[in-house]
Amino acid sequence: MSKKRIATVWLDGCSGCHMSFLDMDERLVELFQQADLVYSPLVDLKEFPEEVDITLVEGAVSSEEDLHKIRLVRERTKVLVSFGDCAVTGNVPSMRNPFGANATLQRAYLENVTLHPQVPREVIPPLLERVRPVHEVVKVDVFIPGCPPSADTIYQALRDLIEDRTPDMAQLTRFGA
Amino acid sequence: MAQTVTIDPITRIEGHAKITIHLDDQGIVRDARLHITQFRGFEKLCEGRRFTEMPALTARICGICPVSHLIASGKACDALLAVRIPETAEKLRRILNLAQIVQSHALSFFHLSSPDFLLGMDADPAKRNLVGVIQTNPQMARDGIRLRQFGQQIIEWLAGKRIHPSWIVPGGVAQPLSPEKREQMLAGIPEAIDITQRAIEWFRSIIPQFSEEAQTFANFPSLFLGLVTETGALEHYDGVLRVVDSAGNVIADKLDPNDYQEYIGEAVEPWTYLKFPYYKPIGYPEGIYRVGPLARLNLIDRCGTPLADEAWAEFRLLERGAVLSSFYYHYARLIEILYALERIQQLLNEPDILDTHVQAMAGPNRSEGIGVAEAPRGTLIHHYRIDKDGLITWANLIIATGHNNLAMNRGILQAAKHFIKGDRIQEGMLNRVEAVIRCFDPCLSCSTHAVGQMPLHIQLLSPTGEVLDEVRR
Ligand code: SF4
């Protein structure tokens, strides 16, 4: 069996799910012997590669950039995993939805400002009007809830996925775990 | 003549931190800009929530330093209650904060930066990462993993969970420390101190190899700002704000953190989601200052623990006046880990540390509260207003990484001046800029993505905005 190609990506999340991934501690060493981490904010800098077996997605879809990125990731990934509550439900980032993108931007860049109040719009990607969970935008194969999912949960889920089993999430975690 | 390079829209969106470099009519570098492309919106999205939710909610600003937000938020909530929290609760919060400094600095030094030191700034990026360290220097990788783990473990033992624990509550903490956990923590400290001292020694030994980096990595005069104790020692939980200039002179001292709006202003630029705090008495953008480990070690008169004081004294010999090279943020981080471990040990040995009275009970007594603490990356400010039912009506947050925004941009400009020849970006620019940014250890998830290793995209622009050259990773 050839080594599985794993990737992790970040959309609108707090990086806590990635930190929980690092909390696998020494098990990371073992994992990297059985699979290649081909793309991740933690270890690699290249463009998102072709033919990835498993991609963990942290965060909700919040900007135009997130939207483009997740579509590209979906195209190039066999098993797409919504990793953590933000990806699964929209969680904290989606709390801006009742206010809308504009009111949220106004607070930060027009009200809470000493100098040059203005909403930044040059070069940076515009926000989507509504923050959405990943499966509202692309097809998702596996959901790992938790804010963040514990390192044990991530480890168990990855083991299963690497060995072509479907992880039984109900046994491992729950929302807000 | 200048050639326009077309940018493929797919790869363009890969860049989370994007940099543009602007030339003037003479073809000389005029400006360099770091564009932060993510916006979180916490100042608004918490509106209408009960203030008691704020610690747990704002912890979700950042998974690398959730404890900092728990602490600053907890303190802002204490101010709303208008209570003095039990002394034991304050000590336990301090331990939590220090444990986070250990884990976060360990992540920055070992997981993210040591690949540059071990494999060289220009090594293949596919190898220049944690996995590369595991392969070339397994001892160092194990040390780093172990040290971060110890910090995370203390957080878990105290607060029940490593990331986003809900243990800090308005008025104190939810659970006292158990005698068993105290023993476990104390037992781990000697090994952690050994690892840290080993790393400090190793870092000192490689400084000569990196003299060029030390000279050119965001090395410029600026102010430094942060908390110190009333008597000028290192402080991360409470205390007063101090500002020093590049000669190391104290220019403002014993500032009440509650008055932060009098001396910290925030400016907006149209090309980034990260605002630009500046020192108000001097103005924008001349009121540039740095925060975080380097700043803190420049501000203080001493650390306040024996081993860290020795290491600090040696550190201050690096330069006359304040240490100005941002390359030494790395060094400062290691010294702070040492301090944090010694201080945790002292606090655990305090006679009242196991006291079970750890929460002051009250309802909201004030309509406005401010909490200020030192996060691993610098001064963190939470400021809330509530209505009579205790629901948030307004919030202002100044995140540690934000304070360094002007300095990061200036550091990139410095590198650009060095690496732009004519209308071309020279070889090495990408690695250099990345390493300069990494000195600051920007916790960009507070405002953007990337734990320091970022898919960078640099564009060189003519005065009319034409793309002359670009590099990306
Ligand atoms: S699920 Fe929780 S830990 Fe993960 S990114 Fe979202 S807020 Fe952070």
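By convention here, each chain's residues receive numbers from 1 onward along its written sequence. Each chain is given a letter, starting from A, and each ligand a number, starting from 1, according to the order in which they appear as written. Owing to the predicted nature of the model, reporting of local features is limited to residues with pLDDT of at least 70; listing and counting of side-chain atom pairs is limited to 80 or more, with chain, interface and lining totals taken over all residues. Here the side-chain values reflect all heavy atoms present in the structure, with hydrogen atoms and water set aside.

(A) Highlighting the site of the ligand. For each residue, the test is whether any non-hydrogen atom lies within 4 Å of the molecule or strand; if one does, the residue is near. Taken together, 14 residues sit near the ligand, with Cys14(A), Cys17(A), Cys86(A), Cys147(A) and Arg60(B) positioned nearest. Mapping the residues adjacent to the ligand onto the chains of the assembly identifies chains A and B. Put simply, DSSP marks the helices as runs of H or I at least four residues long and the strands as runs of E at least two long, and each gets a number from the N terminus on. Taken together, the elements giving at least two residues each to the shell around the ligand come down to helix H1 (16-22) and helix H4 (85-89) of chain A.

(B) Focus on the interface of chain A and chain B. If you look at the interface, chain A gives 59 residues, while chain B gives 68 residues. In what follows, salt bridge is the name for a side-chain nitrogen of Lys or Arg lying within 4 Å of a carboxyl oxygen of Asp or Glu. Here chain A is connected to chain B by 5 salt bridges. Note that Arg148(B) is salt-bridged to Asp23(A), the shortest N-O span being 2.9 Å. Polar contact criterion, stated in full: a pair of N or O atoms within 3.5 Å, where within protein one must be able to donate a hydrogen and the other to accept it, and residues adjacent in sequence count only if both atoms are side-chain atoms. Our enumeration of links across chain A and chain B arrives at 26 residue pairs in polar contact (both at pLDDT 80 or more). By residue number, the principal contributor to the side of chain A that touches chain B is helix H5 (residues 101-111) of chain A, which donates 6 residues. When residue character is reported, Ala, Val, Leu, Ile, Met, Phe, Trp, Tyr, Cys and Pro are called nonpolar, Asp, Glu, Lys and Arg charged, and the others, Gly included, polar. For the side of chain A that touches chain B, the class distribution of residues is 33 nonpolar, 12 polar and 14 charged. We call two residues in contact whenever any of their non-hydrogen atoms come within 4.5 Å of each other.

(C) Structural view of the sheet that holds strand E11 (residues 368-375) of chain B. Residue and element names in this part refer to chain B. Taking strand neighbours across the sheet as the criterion, the 3 strands line up as E11-E12-E13 in an open arrangement whose pairing is antiparallel. For this open sheet the edge positions go to E11 and strand E13 (392-398), each flanked by a neighbour on one side alone. Averaged over all neighbouring strand pairs, the angle between strand axes comes to 15°, with direction disregarded. By definition, two strands form a pair when at least two bridges between them are found by DSSP. Angles here are taken between N-to-C directions and fall from 0 to 180 degrees, while the axes themselves are lines fitted to C-alpha atoms, restricted in helices to the stretch in contact.

(D) Representation of the packing of helix H2 (residues 27-34) of chain A against helix H6 (residues 151-162) of chain A within the structure. Residue and element names in this part refer to chain A. Direction vectors running N to C along H2 and H6 enclose 15°, while the axes themselves pass 12 Å from each other. The angle between H2 and H6 places the two elements in the roughly parallel class. Crossing angle aside, the handedness with which H2 passes H6 is left-handed. Taking contact as the criterion, the partners of Arg27, Glu30, Leu31 and Gln34 in H2 are, on H6, Ala151, Asp152, Tyr155, Leu158, Arg159 and Ile162. Split into classes, the residues belonging to the contact of H2 with H6 amount to 5 nonpolar, 1 polar and 4 charged. Here the word oblique covers every angle except those under 35 degrees (roughly parallel), over 145 (roughly antiparallel) and from 65 to 115 (roughly perpendicular). Handedness of a helix crossing follows the sense of rotation of the near helix relative to the far helix, less than a right angle counterclockwise being left-handed and clockwise being right-handed.

(E) Structural view of the domain arrangement of chain B. Residues and elements named next belong to chain B. Boundaries of every domain are those given by an automatic assignment or by a domain database. Segmenting chain B into domains produces domain 1 (3-38 + 412-472) and domain 2 (220-324). Each side of the interface is counted separately: domain 1 has 9 residues, and domain 2 has 6 residues. Accessible area, probed at 1.4 Å, shrinks when two parts are joined; the buried area is that loss added up over both. Across the domain 1 to domain 2 interface the summed buried area is about 660 Å²; carbon plus sulfur atoms make up 65%. Joining domain 1 to domain 2, the criterion identifies 0 salt bridges. At the junction of domain 1 and domain 2, the tally comes to 3 residue pairs in polar contact (both at pLDDT 80 or more). With 4 residues, the top contributor of residues to the side of domain 1 that touches domain 2 is strand E2 (residues 29-36). By residue class, the composition of the side of domain 1 that touches domain 2 is 3 nonpolar, 5 polar and 1 charged.

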